[in-house]
Every structure is written in structure tokens, then in C-alpha cells.
Amino acid sequence: SSNAITSRLNYHNMITMKVASLLGVFLGVVTAALEKPVTQPWPSTDPHNTQGWVPYAALTDEFNGASLDMTKWMTRDDHWMGRQPGLFDPTNIRVSNGMLALDAKNAVLNASMEKLGYANYTTCAMHSVDKTSYGYFEIRSKTGSGQVSSSWWFHENNGTEWTEIDVFESTGVMARAPFPHMYNTHTHIFYIDGMNGSQIAADCNCTVHQQGSTFPCTAGQSYALPFNMSDDFHVYGLDWSAESLVFYVDSKVVYTKTHHCMSQPIGMDFDRETMPGWFWPEHAPAGLPMGTPFEIDYVRAWKKPQYSATKNQ
């Protein structure tokens, strides 16, 4: 009968709609799993924003574009070409699939570069356009697996003041033990106008030592993590206030440094370096395996309300 046919059609339509609905849910779950996580609004160390953080756009980048945002980053430094033997090459910096990747590569360099000590390898570095100080800064990253360093740091040398914060200097699973597990964090004060080395050491809670041709006043530590930094992504953070620097790994404090001298507005850096005598072997031959890139999923920054209005604070 026509009623029976109509009933069957309604039944089949209902089943079709349910299947389509379930298929849509399934595809939505798969798509969501493959997509980049939604931007978290607050620091991982303060997910409910109990401290009143204000997002700081100048040092926030999700790396969602097809190339590096050159309004935020610089990839060349006229004063530093890299740590020998690895020559900085901007083409080793890539952005794709929502990720920043910094490569180190085997390379044949010309004779003029070899005279300057650069041979067989290229690395890379990038520095923020913005310079700032106090705030909370966070990245989600995975260290490159080779013996070339993967580092997140801040620095500035304006001619009268030169300070540096190494949030971490790390290396990959191919490096000799215990380096793949080590989270190396330091501060360096190379000079502050009107203060000599002894004054800086006394006032700034650091120790003067020789580093090449310079004599920075340094403080910090190397912390053994329960994982290789190149095995997977982890979240690293720096809470920089007028009183202290607090370093985090996966939202847990690993090091706190009290200070009275780290107030200079400085830029943010990501880089790869050959570091002979530390991660990198002395007198390394050509052709060492470079491994995977240093990958950064995001960098995010926030400031306390009292510092959010002024860029260079």
C-alpha cells in the first residue's frame, strides 16, 4: 500500500540521516586530531589566569603561514655568521604545516668561508624584531636529533649594555651521553655601562669567567631531564620578573634565579650551532649525520598588567 511504501521510505531516510550524522562526527574527530591544537589563551603554568596576564602579540607566533613572518623575525646578523664550523644559512629556516623548523645541513662552502673557519656544515639563527623584558614566554618544541645545538634564548648588545638569557641550549639523541637529557640554562652579563666585572659579580649574583675573547658574568645550571629533548614535543617556559627568572619544563619549575640586573630590553632567538668541545666534537670530519630539525610548534608571550602598556618592559 502507499502507506507502507511511505513508512519504509521514512525509515530508510531516518537510517541514512543517522549514518550521515555518525560519519560526520567520526570525520570531525579525525580532523580535529590532525589539526593544530586551539591556541591556549593563558600560560600553561597559570591556565586560569590568576595573575592577570595580558597577551603580548609582538613575541607570539603560531607559525601557521606558508613562510616566516618577517615583520616579527630576522634571519641575518651582520655581526655574527655562526659558530665555526657551522655557517648560518637563512634557507635552513622553514615554516610549513603550522610548524617552524630549523635545519642543520652538510654543505660544501667556498674558500673564502673556509678561511674564516666555516667548513662542511650550515646551521641557522633567527632573532625577533621586538625587544622586551619582563613577561612570561612559552614554546612547544622538539630538539633536533643530531649533535648540532637547538637553543631558545634572548640577547641584546646595544653598545653600552650586553645581556643574555639562555632558556635552554640542548642537543639530540645522536650526541654523547648525558647531553640529550640535559636542559642547560644560563644568564650572561657581558657588560653594563658604568660597572666593572667585580661590581657586576657582586651586585648581579653571577661569576666572571672567560668565554673566548669576552669575560661574561654567568649564572645557571644544567638540569637532567627524564627524557631526551629530541624524542618528543615538550612545553618550555620562562617567567621573567624584576626579581627573578623562573624556568619551566612541562609547567614544572626546574630552576629559579634571583637577580637585580636583568632588566635590559632584549630580543628572542632560536638557533642551531656547532659547539666544538661541548655538544659538537672537536675537529669534526665532514659528513656527520645531521638528524631531524629543531621544531617549534608555537611561541607565546604574556605580560603582567603593569608591564603590558609599554613595549620595552
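That block above? That's the structure.
No experiment lies behind these values; they were computed from the predicted model shown.

The rules behind these values
Residues numbered from 1 in each chain as written. Predicted model: local features only at pLDDT ≥ 70, side-chain atom pairs only at ≥ 80, totals over all residues. Heavy atoms only, no water. Helix = DSSP H or I, 4+ residues; strand = E, 2+ residues; numbered from the N terminus. Contact = heavy atoms within 4.5 Å. Areas by Shrake-Rupley, 256 points an atom, 1.4 Å probe, with all protein chains shown as cover. Buried < 20%, exposed > 50% of the residue type's maximum accessible area, 1.4 Å probe, protein only. Pairing = 2+ DSSP bridges. Polar contact = N/O pair within 3.5 Å; in protein donor to acceptor, adjacent residues only side chain to side chain. Phe/Tyr/Trp six-rings, centres within 6.5 Å; stacked < 30°, edge-to-face > 60°. Lys NZ or Arg CZ within 6 Å of the ring centre and 35° of its normal. 1 Å grid on protein atoms, 1.4 Å probe; cavity = no way out; pocket = protein on both sides within 12 Å on 5 of 7 lines; lining within 4 Å. Points joined across faces, edges and corners; volume = space filled by probe spheres on them. Disulfide = S-S within 2.5 Å. Salt bridge = Lys/Arg side-chain N within 4 Å of Asp/Glu carboxyl O.

Our next topic: the overall build of the protein chain. Helix and strand counts for the protein chain stand at four helices and 18 strands. Relative to all contacts within the protein chain whose residues are 6 or more apart in sequence, the contacts with residues 24 or more apart total 72%. Accessible surface, the protein chain as shown: approximately 15,500 Å² in total, 56% of it carbon and sulfur.

Our next topic: the pairing of strand S7 (residues 121–128). Within S7, eight of the eight residues are buried, which leaves the element mostly enclosed by the surrounding structure. Residues Tyr121, Thr123, Ala125 and His127 of S7 are buried on one face, and the alternating residues Thr122, Cys124, Met126 and Ser128, pointing to the opposite face, are buried as well. By the bridge criterion, three bridges tie strand S3 (residues 86–88) to S7 in an arrangement that is parallel. When the sheet's bridge partners are listed, Phe88 is paired in S7 with Thr123. Across four bridges, S7 lies against strand S17 (residues 267–272) in antiparallel orientation. Looking at the pairing, Met126 lines up with Phe270 of S17.

When you line up the elements, Asn49 lands in the loop between helix H1 (2–34) and strand S1 (54–55). Asn49 gets classed as buried once you look at its relative accessible area, which sits at 16%. Within the local environment of Asn49, its side chain forms a polar contact with the backbone nitrogen of Trp53, the two atoms lying 2.6 Å apart.

Moving on: the packing of aromatic side chains. Think of a pair of aromatic rings as described by two things: how far the centres are apart, and how the planes are tilted against each other in angle. Scanning all chains against the criterion turns up 25 aromatic pairs. Both rings, one in Trp80 and one in Phe88, keep their centres 4.9 Å apart while their planes meet at 80°; by these two values the pair is edge-to-face. A relative accessible area of 29% places Trp80 in the partly exposed class. For Phe88, a relative accessible area of 14% gives the class buried. Over the face of the ring belonging to Tyr298 we find Arg300, whose NZ or CZ atom lies 3.5 Å from the ring centre.

Turning our attention to the layout of surface pockets. Taken as a whole, the largest pocket encloses approximately 1,300 Å³ of empty space. For the largest pocket, the lining is made up of 40 residues, of which Asp77, Trp80, Trp153, His155 and Trp162 are closest to its centre. Elements represented by at least two residues in the lining of the largest pocket include exactly S3, S7, strand S9 (150–157), strand S10 (161–170), strand S11 (182–192) and S17. Residue contributions to the lining of the largest pocket peak at five residues, all from S9.

Inspection of every chain in the model, using the stated rule, returns two disulfides. With a sulfur-sulfur separation of 1.9 Å, Cys204 is cross-linked through a disulfide to Cys261. Looking along the S-S bond of the Cys204-Cys261 disulfide, the torsion reads about -80°, which is the left-handed sense. One end of the pair, Cys204, is in helix H3 (residues 197–204); the other, Cys261, is in the loop between strand S16 (252–258) and S17, with 57 residues separating them in the sequence. Per residue, the accessibility class of Cys204 equals that of Cys261, and both read buried. Two residues, Cys206 and Cys217, share a disulfide whose sulfurs are 2.1 Å apart. The disulfide joining Cys206 to Cys217 has a torsion of about 105° about its S-S bond and is therefore right-handed. Separated by 11 residues along the polypeptide, Cys206 in the loop between H3 and strand S12 (207–208) and Cys217 in strand S13 (residues 217–224) bring together distant segments of the chain. Of the two residues examined, Cys206 and Cys217, each falls in the buried class.

All told, the structure shown has five salt bridges when counted by the stated rule. A salt bridge links Asp103 to Arg94; the nearest nitrogen and oxygen atoms lie 2.6 Å apart. A salt bridge links Glu295 to Lys142, with the shortest nitrogen-to-oxygen separation between them at 3.8 Å. With a gap of 153 residues between them, Glu295 in strand S18 (residues 294–303) and Lys142 in strand S8 (residues 135–142) connect regions that are remote in the sequence. Note on Lys142: relative accessible area 19%, which makes it buried.

With that settled, the discussion passes to unusual backbone geometry. The omega torsion of the bond from Gln84 to Pro85 falls at 10°, within 30 degrees of zero and hence cis. For Pro85, the location among the structural elements is in the loop between strand S2 (73–74) and S3. Following Ala177, the chain continues to Pro178 via a peptide bond in cis, the omega torsion being 5°. Turning to its location among the elements, Pro178 is positioned in the loop between S10 and S11. A positive phi angle is found at Asn120, which is not glycine, with a value near 75°.

Before going further, it helps to examine H3. An α-helix turns once per 3.6 residues; consequently, residues spaced three or four apart project the same way. Measuring from the side-chain oxygen of the N-cap residue of H3 to the backbone nitrogen of Ser198 gives 3.1 Å; that N-cap residue is Asn196. Just beyond H3, the residue with positive phi is Asn205, at close to 60°.

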